[in-house]
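Now for the letters of each chain:
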Amino acid sequence: MPGKLKAKIVAGRHLPIMDRASDLTDAFVEVKFGNTTFKTDVYPKSLNPQWNSEWFKFEVDDEDLQDEPLQITVLDHDTYSANDAIGKVYIDIDPLLCSEAATVISGWLPIYDTIHGIRGEINVLVKVDLFNDLNRFRQSSCGVKFFCTTSIPRCYRAVMVHGFVEELVVNEDPEYQWIDRIRTPRASNEARQRLIFLMSGELQRKIGLKVLEMGGNAVVGYLQCFDLEGESGLVVRAIGTACTLEKISSTLPATATHPSNSSPSKDMKEPGFGEEAPGVPLSSGPPTPLRAQTFSSFSPSKSYSRQSSSSDTELSLTPKTGMGSGGSAGKEAGPLKALLRQQTQSALEQREYPFFPLTAFPPGFLLHVGGVVSARSVKLLDRIHNPDEPETRDAWWEEIRQEIKSHAKALGCQAVVGYSESTSICEEVCILSASGTAAILSSRFMQDGPLDTEHRLSRQPLCVFSTGSERVEGDMGSSASLGFEEVVSPGCGFCHIPYDELNIPFPAQLTYCYCCRRYKVPDVLFTTIDLPTEANVTGKGCLIQARLCRTKKKAQGEGNATVISNLLPFLEYELHTQLMNKLKLRGMNALFGLRIQISIGETMLLGLASATGVYLTALPSPGGIQIAGKTPSDITYEQHISNMQKKINDTIAKNKELYEINPPEVVEEIIGSPIPEPRQRSRLFRSQSESSDEVSELDLSHGKKDAFVLEIDDTDAVEDIHALLTDFPTPAGFYSCNTEIMPGIQNWTSAIQMFTSVRVFRLNASLTSQGLNKIFSDLCENLLKSLYFKLRSMVPCCLCHLNFTVAIPEDELIQVAVTAVAMSFDKEQLLENGKQSGEKTLIKAITENDEQLQFNLELNAETPSPNPLSSPKGLSEVGSHLSARALSVDYSSFADRCSSWIEQLKLKAHTIRRGSVKTTSSMEKASPLPEGRSRSLRSNRSYSGSSVAVVKMTPLSFIPGAKIIKYLGIINMFFIRETTSLREEGGVSGFLHTFIAEVFAMVRAHVAALGGNAVVSYSMKECVFMENPNKNQAQCLINVSGDAVIFVRESELESTSVQTQSATTHTSNGAEGT
Amino acid sequence: MSVELDVFVGNTTIMDKEVYQLWLNGYTVNDAVKVRIEGGVMEECEASAEVLLSDTMDQYRTFQMCERLLHHPAKLANQLLFQIPPDRQAMLIERYYAFDDSFVREVLGKKLSKGTKKDLDDVSLKTGITLKSCRRQFDNFKRVFKVVEELKGPLVENIRQHFLLPDQLARDYAAIVFFANNRFETGKKKLLYLTFQDFAFCAGQLINNWTVGAVDNMMEDMDVDLDKEFLQDLKDLKILITDKDLLDQHKSLVCTALRGKTNVFNEMEANFKNLSRGLVNIAAKLINAKDVRDFFIDLVEKFIEPCRSDKWTSIDVNLYLTHYTNSAHILDTFKYYAVWTRYMGVIKSCILRMYHD
């Protein structure tokens, strides 16, 4: 079915000088779509040509519309020789194909050249006329909405969640084709860029088709990745969750939801007793040295819990003690299990997976969380012979997904949430990884939809499952009506274990939930999802990272794969141990957003696990860390050990204070099957041989090496402890997490700063694993330190969604890339209960602003500014604070300001501290904040002066203080940059700095052209950097994605804010102008 | 083991004013780090020297990337590469175009040529300003000069619009351009006591009163060059000293007016003819480009120095020049009132400004 694509080339500006003689350029433009090309006239002798072309019209299939990008090439006309290309612009027209997204692309877009970077801008207009409702046609999937956001997008409502969609397409990598030897680097790069655009389009179309087949209209949590397999080809794959979404017309608060604290159970005190389980991960599945090896593990130790909300008690597969309905529940369990099994089976046959790449869910959707499930597999790459039949890669992933599913099943869960897949490639060896969180979901969103159940049943196996749980739900309802069940707080329900207590798949200590006292919870919970908004959390969270570096021998082919797969379990195990220890060191008991990345290089393996630690109120308080020495005879050694122990205890105490973790110390008896000794503490898992209670991990330990392993282990252990203690504490005023939001912080200001930081470290000597460990760990720590320093003007602030990516670009190089967003918040409100959230009383706002006013005035008085404009500006700043707090990051001279402020604020914090005690409620233990940092400095921009629209970028799914009113479509861009004059461009740093800035600029420009003023759920999924300093060359590939949106400030929606609002209004309107 | 690559890119470009200033001052990265450490930023933010080094390098790189935009400040507002809030942009531009008074004193009135640029290392040595900073400042002068040289309309306004500079800075640049164009001599020993601001004030006076633009805004080439016609007319003033009667009459008028009003009356009376000759001769010679260059040195030698040696206060000078100017109007045979007023207005304000230690 055809559509008509129309493009008009309006003008260019800032073009480079192409004719040295005249210092000018004779530019014209080629507009290409598919195989059709149009040209504009030559606009002679100008660096700012005005083409004002006619409308170029392409009549094409909608299939092509989805696959192909519109390709605009700007050239310099040359009468005698070949025309020189200035650069290109690829425009993804997908957003125009969906009626609810953008309607026109119009604006200045950077002209990009893979060798020279951005070379001026071009103003274009692009429109699409679709002739029909194309949803009926199967080869195309126009109209399916795509979201990178891993939760239900803010202005939509999930009518139904259909399930997992995945697809992959493969092709030969142009860089490795024979023709590459004879063409220019530019031609090769452009071929690659174009190919990836095409493949992405095709992939998206195919996924869209699957969604339509399932009866959905959108893909949420769309995650697309590239595998650059080198010689063997190029794989583009994507996963997502198919949903049926409905646009919400009414206004809905766009800020993060706040924990609902209405449950009666929350008033119950949780006792803090120091009982602690030796949570030991267990890795299963020793690798087999086959050509294609699979290795898998699930790290079960920690994470299981289930919730008993009124509606689902029956789901617990075990009879519960002290519960009248125990018998019936027990009975229920049988059929349910059978059902589940049946469902899994049928799903298996149909190759369907109950996987959800989502990380945040509508309230009530997530019932119980089992724990993290992950699977890895080491594969040897071979050439993809037939691009149209990507079965091999499909089969590989199939294998892994099956494994994940079976792990989830072992945890008594039917679904996997927070699911993601990744690869790491080195030469011809490839590790495929998948991980997620086993969970039990409510059937509500799979049933309530407008589609009738029959219809769905016929379509997809997931429904089988839903029916199952539906039945259970019904039963449960009856038991509830009998009065056996009471409403359980949603704040703890997800922690309740979903698996059979008597048949735990791994060692864990279960206790009754500290919130509701009714259901069992594990001692520690690990998950890959975001912290549910309704969860009861004590204190604040923080970023926890485990870092590991292992040397390995150089090897080729199968041998290499064997070595790697042999190393993997140890790597995972140690990462897990580290995570566990660091978690305890911070006095916390749960990890969210866990992401374990394993990278392979020729001579080493890197493992990086990042997560956000929190103290879940429902879970027992973690014990401390006990160091056990092996030779009690030696006195100095003893002393050393006890010193160490003291340090650790001090650190734990300090951390508890820092993160405000102070659960009420109510002593209560523990009921539960494996009752741990109250005093039992977790050991540092190093010297395994002596700990009798850690039998399970002995399986993993290195049997015969034991004799000298002990000694090594001891030094190891000492180093581990050092590593634990040397983790740099976040500076005062900073918080960090890798999840969307930080528990305990609600009152975000609108000051946000997204950033990307990349570091490459060269190792020059041959190092031991320990030395490498230290270097790697320092690298990450230093990077964090630098970030805190850079962003010090935003204090108090939280670095959210800290996403670390590690790679080994070549031997002896370690690359770490971080993308995150820094968000300021108002300190004062921290001290009050989080519940009252965004809507603060007018009075409060006013007093607050008064304070701010003072600050600003002070500042202006203090900083002797050479700028005569500064004082009026300062005033206008204040003005805007009063109104809307639509502000941006402040860059002003922090140094001199900060010092004087801190003084002020110390005083201030002190007074506030006193007042706050009263307002503290039972659930949020809002303890006084020790740090006396002020709220961030923010300067206001007056946007009117600038002709460039401001586009905000954030890796989060929301913008604080603003409401997303429209999603304009997905941004998915791939760029290659290459240079043969590395030194001249400022060396590798200069080169990459420019490139990343250019990528940001292009993303912003495309969003602005779609009419948007922000990108949410932004991520840099690929950053492959290669250099050859000897040849003065470097190349870099970057792939970024996100959702283009229009947002408006909440303050603009409210009629209350009267004062100077002009600045704010510009923010949102400005973007649409261009 | 070394950090091979280290970059930080924010969606909104982060720039530290302090580091920017260090960069502008031409400090090397290492020197800048030292300065920052001494400034105490480390203690405040719990940072290490390593972090500071990384941050400084990063900022330096950002500034270098911005520099080409700063050469054409108007571009900064509509470029897409860096998202910089407008107030930040204004700060960047203003500081980039700011200059050291001690530096500008060295090159003021010199031809902004390659030759002068080559001598900058001497200037750097003499002023203690880094060569890098000297070059930046010199290039700024030259760039502004080249752009406005060809433009019609008021000089200050042109500079402000093309370089988005605040008013005062635009005026200073106008002075620099004006001095460079007319090649006023400012480096002679006798002139060393004068600050740049003294000269800038005088330049303002000259631009506002003695150029073509001062009379007619629409003329071409207006503000940079002195009004040739006016300079021609100045020759007519010679009558004030060549005509003996006129000179005596003028003297007696001034003396009558000043008697009893000043402590240096006797010296004034004794010196009147000399002073008057000095001022009128300056006027008469201005038609020659070479004498234009010596304008300031002439003022000092012919008027300021004699007065100073007689211990006139600036009140005395003011009084004298006021009556000296006004009395000419009463002279019977003197007809060039307009030219005289236009000339003496500027001379008076320049001398008053320059009359200090």
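Residues numbered from 1 in each chain as written. Chains lettered and ligands numbered in written order. Predicted model: local features only at pLDDT ≥ 70, side-chain atom pairs only at ≥ 80, totals over all residues. Heavy atoms only, no water.

The name an unreviewed UniProt entry gives chain B is Acidic fibroblast growth factor intracellular-binding protein B-like, with Sinocyclocheilus anshuiensis as the organism.

**Topic: the overall build of chain B**
When helices and strands are counted, chain B shows 22 helices and one strand. Expressed as lengths along the three principal axes of its C-alpha atoms, the size of chain B is roughly 90 × 45 × 35 Å. The buried share among the 357 residues of chain B stands at 54%. Counting every atom, chain B has about 15,200 Å² of accessible surface; 51% of that belongs to carbon and sulfur. Charged side chains of chain B number 47 positive and 52 negative; the gap between the two group centres comes to 6 Å. (Helix = DSSP H or I, 4+ residues; strand = E, 2+ residues; numbered from the N terminus. Buried < 20%, exposed > 50% of the residue type's maximum accessible area, 1.4 Å probe, protein only. Areas by Shrake-Rupley, 256 points an atom, 1.4 Å probe, with all protein chains shown as cover. Lys, Arg positive; Asp, Glu negative; His and termini not counted. Charge placed at Lys NZ, Arg CZ, Asp CG, Glu CD.)

**So, the overall build of chain A**
Secondary structure summary: chain A contains 20 helices and 35 strands in total. Scored against the burial criterion, the 1074 residues of chain A give a buried share of 63%. Sequence separation of at least 24 residues holds for 79% of the intrachain contacts in chain A that already meet a minimum separation of 6. Of the accessible surface of chain A, which amounts to about 37,600 Å², a share of 53% is contributed by carbon and sulfur atoms. (Contact = heavy atoms within 4.5 Å.)

**Digging into the packing of aromatic side chains**
Working definition: an aromatic ring pair is given by the centre-to-centre distance plus the angle between the planes. Inspection of every chain in the model, using the stated rule, returns 58 aromatic pairs over all chains. In this structure, B:Arg308 is placed above the aromatic ring of B:Tyr193, and the distance from its NZ or CZ to the ring centre is 4.8 Å. (Phe/Tyr/Trp six-rings, centres within 6.5 Å; stacked < 30°, edge-to-face > 60°. Lys NZ or Arg CZ within 6 Å of the ring centre and 35° of its normal.)

**A few points about unusual backbone geometry**
Cis geometry marks the peptide bond from A:Val795 to A:Pro796; its omega dihedral reads 0°. Assignment of secondary structure puts A:Pro796 in the loop between helix 13 (769-790) and strand 28 (797-807).

**Here's the deal with the environment of A:Lys32**
Residues and elements named next belong to chain A. Structurally, the position occupied by Lys-32 is in strand 2 (residues 27-33). For Lys-32, a relative accessible area of 27% corresponds to the partly exposed category. The sequence separation of Lys-32 and Ala-218 amounts to 186 residues, and the corresponding C-alpha distance is 29 Å. Apart from residues lying up to four places away in sequence, Lys-32 is in contact with Thr-37, Phe-58, Pro-69, Leu-70 and Gln-71.

**Thoughts on the interface of chain A and chain B**
Reports of interface size often rely on the accessible area that becomes lost once the parts have come together. On the side of chain B, 48 residues touch chain A, which itself brings 72 residues to the contact. When chain A packs against chain B, close to 5,300 Å² is buried across both sides, 58% of that on carbon and sulfur atoms. Remark: the boundary between chain A and chain B carries five salt bridges. For A:Lys790, the salt bridge identified is with B:Asp58, shortest N-O distance 3.1 Å. At the junction of chain A with chain B, the criterion picks out 26 residue pairs in polar contact (both at pLDDT 80 or more). Counting residues per element, the ones that place at least two in the side of chain A that touches chain B are strand 7 (105-113), strand 8 (117-130), strand 27 (748-762), helix 13, helix 17 (894-919), strand 32 (952-953), helix 18 (987-1009) and strand 34 (1014-1028) of chain A. Top element by residues in the side of chain A that touches chain B is helix 18 of chain A. It accounts for 13 residues. (Buried area = accessible area lost by both parts, 1.4 Å probe. Salt bridge = Lys/Arg side-chain N within 4 Å of Asp/Glu carboxyl O. Polar contact = N/O pair within 3.5 Å; in protein donor to acceptor, adjacent residues only side chain to side chain.)

**Structural notes on the sheet that holds strand 35 (residues 1033-1049) of chain A**
All names here are of chain A. What the four strands build is an open sheet, ordered 32-34-35-33; its pairing is mixed. Either end of the sheet is taken by a strand with one partner, and the two such strands are strand 32 and strand 33 (962-979). Note: strand 32 against strand 34, two bridges, orientation parallel. When the sheet's bridge partners are listed, Met-953 is paired in strand 34 with Val-1015. (Pairing = 2+ DSSP bridges.)

**So, the pattern of salt bridges**
Under the counting rule described, the total for this entry stands at 53 salt bridges over all chains. When the shortest N-O distance is used, the salt bridge between B:Asp198 and B:Arg353 registers 2.9 Å. Of the two residues, B:Asp198 is situated in helix 13 (residues 196-210) and B:Arg353 in helix 22 (residues 337-354); the sequence distance between them amounts to 155 residues. On the basis of relative accessible area, B:Arg353 is assigned to the partly exposed category, the value being 31%. For B:Lys285, the salt bridge identified is with B:Asp298, shortest N-O distance 3.8 Å. You can see B:Lys285 sitting in helix 18 (residues 265-285) and its partner B:Asp298 sitting in helix 20 (residues 295-309), a full 13 residues away along the chain. Judged by relative accessible area, which is 31%, B:Lys285 ranks as partly exposed. The structure contains a network of salt bridges with shared partners spanning A:Lys790, A:Arg792, B:Asp16, B:Arg36, B:Asp55, B:Asp58 and B:Arg61.

**Regarding helix 20 of chain B**
All names here are of chain B. Taking 1.5 Å as the rise per residue, helix 20 with 15 residues should run 21 Å; its terminal C-alpha atoms sit 20 Å apart, in good agreement. Along its length, helix 20 reaches its greatest deviation from straightness, about 35°, at Glu-301. Of the residues trailing helix 20, Lys-311 is marked for its positive phi of about 65°. (Expected span 1.5 Å × (residues − 1). Bend = angle between axes of the 7 residues up to and from the residue.)

**Describing the packing of helix 20 of chain B against helix 22 of chain B**
To describe two helices that pack against each other, one gives the angle between their axes and the distance between the axes. Residues and elements named next belong to chain B. Viewed as axis vectors pointing N to C, helix 20 and helix 22 meet at an angle of 65°, and their least axial separation amounts to 11 Å. Classified by the interaxial angle, the pair formed by helix 20 and helix 22 is roughly perpendicular. Our pair here, helix 20 against helix 22, has a crossing hand that is right-handed. Here Phe-295, Phe-296, Leu-299, Val-300, Phe-303, Ile-304 and Arg-308 of helix 20 come into contact with helix 22, specifically with Ile-347, Cys-350, Ile-351 and Met-354. Tallied by class, the residues present in the contact of helix 20 with helix 22 amount to ten nonpolar, no polar and one charged. (Axes fitted to C-alpha atoms, helices over the stretch in contact; angles between N-to-C directions. Parallel < 35°, antiparallel > 145°, perpendicular 65-115°, else oblique. Left-handed = near helix turned anticlockwise from the far one by under 90°. Nonpolar A, V, L, I, M, F, W, Y, C, P; charged D, E, K, R; others polar.)

**Things to note about the sheet that holds strand 20 (residues 525-526) of chain A**
All names here are of chain A. Strand order in the open sheet made by the four strands is 20-22-23-21, with mixed pairing throughout. The sheet is open, and its two edges are formed by strand 20 and strand 21 (537-551), each paired on a single side. Along the sheet, helix 9 (residues 557-585) contacts strand 20, strand 21, strand 22 (590-600) and strand 23 (604-616); its crossing angle with strand 21, the most-contacted strand, is approximately 150°.

**A few points about the nonpolar core**
Grouped together as the largest cluster of nonpolar side chains are 203 residues, with contacts concentrated most on A:Leu70, B:Tyr320 and B:Tyr343. Among the elements that line this core, the one with the most residues is helix 18 of chain A, at 15 residues. Judged by nonpolar contacts, the second largest core, of 47 residues, contains A:Ala415, A:Val417, A:Ala618 and A:Val1045. (Core = buried A, V, L, I, M, F, W, Y, C linked by side-chain atoms within 4.5 Å.)

**Brief notes about the pairing of strand 5 (residues 70-76) of chain A**
All names here are of chain A. Here strand 5 lies mainly inside the structure; seven of its seven residues are buried. Here strand 5 shows two buried faces, one formed by Leu-70, Ile-72, Val-74 and Asp-76 and the other by Gln-71, Thr-73 and Leu-75. Examined bridge by bridge, strand 2 and strand 5 share six bridges and lie antiparallel to one another. Following the sheet pairing, Val-29 is matched in strand 5 by Val-74. As defined by bridge partners, strand 5 adjoins strand 6 (residues 84-91) across seven bridges and the pair is classed as antiparallel. Paired with Leu-70 across the bridge in strand 6 is Ile-91.

**Here's the deal with the domain arrangement of chain B**
In terms of domain boundaries, chain B breaks down into domain 1 (17-82), domain 2 (101-214) and domain 3 (228-354). Taken over C-alpha atoms, the centre of domain 1 of chain B sits 52 Å from the centre of domain 3 of chain B. (Domains from an automatic or database assignment.)

**Brief notes about helix 13 of chain A**
Taking 1.5 Å as the rise per residue, helix 13 of chain A with 22 residues should run 32 Å; its terminal C-alpha atoms sit 31 Å apart, in good agreement. Here helix 13 of chain A lies mainly inside the structure; 16 of its 22 residues are buried.

**What about the environment of B:Val264?**
Residues and elements named next belong to chain B. With respect to the element layout, Val-264 can be found in the loop between helix 17 (244-258) and helix 18. Sequence spacing of Val-264 and Asp-316 is 52 residues, and the spatial spacing of their C-alpha atoms is 7.6 Å. The contact partners of Val-264, leaving out residues within four places of it in the chain, are Asp-310, Lys-311, Trp-312 and Asp-316.

**Describing the pairing of strand 33 of chain A**
All names here are of chain A. Strand 33 sits mainly inside the fold: 16 of its 18 residues count as buried. Pairing geometry for strand 33 and strand 35, over 16 bridges, is antiparallel. Pairing of Ile-971 across the sheet is with Gly-1042, part of strand 35.

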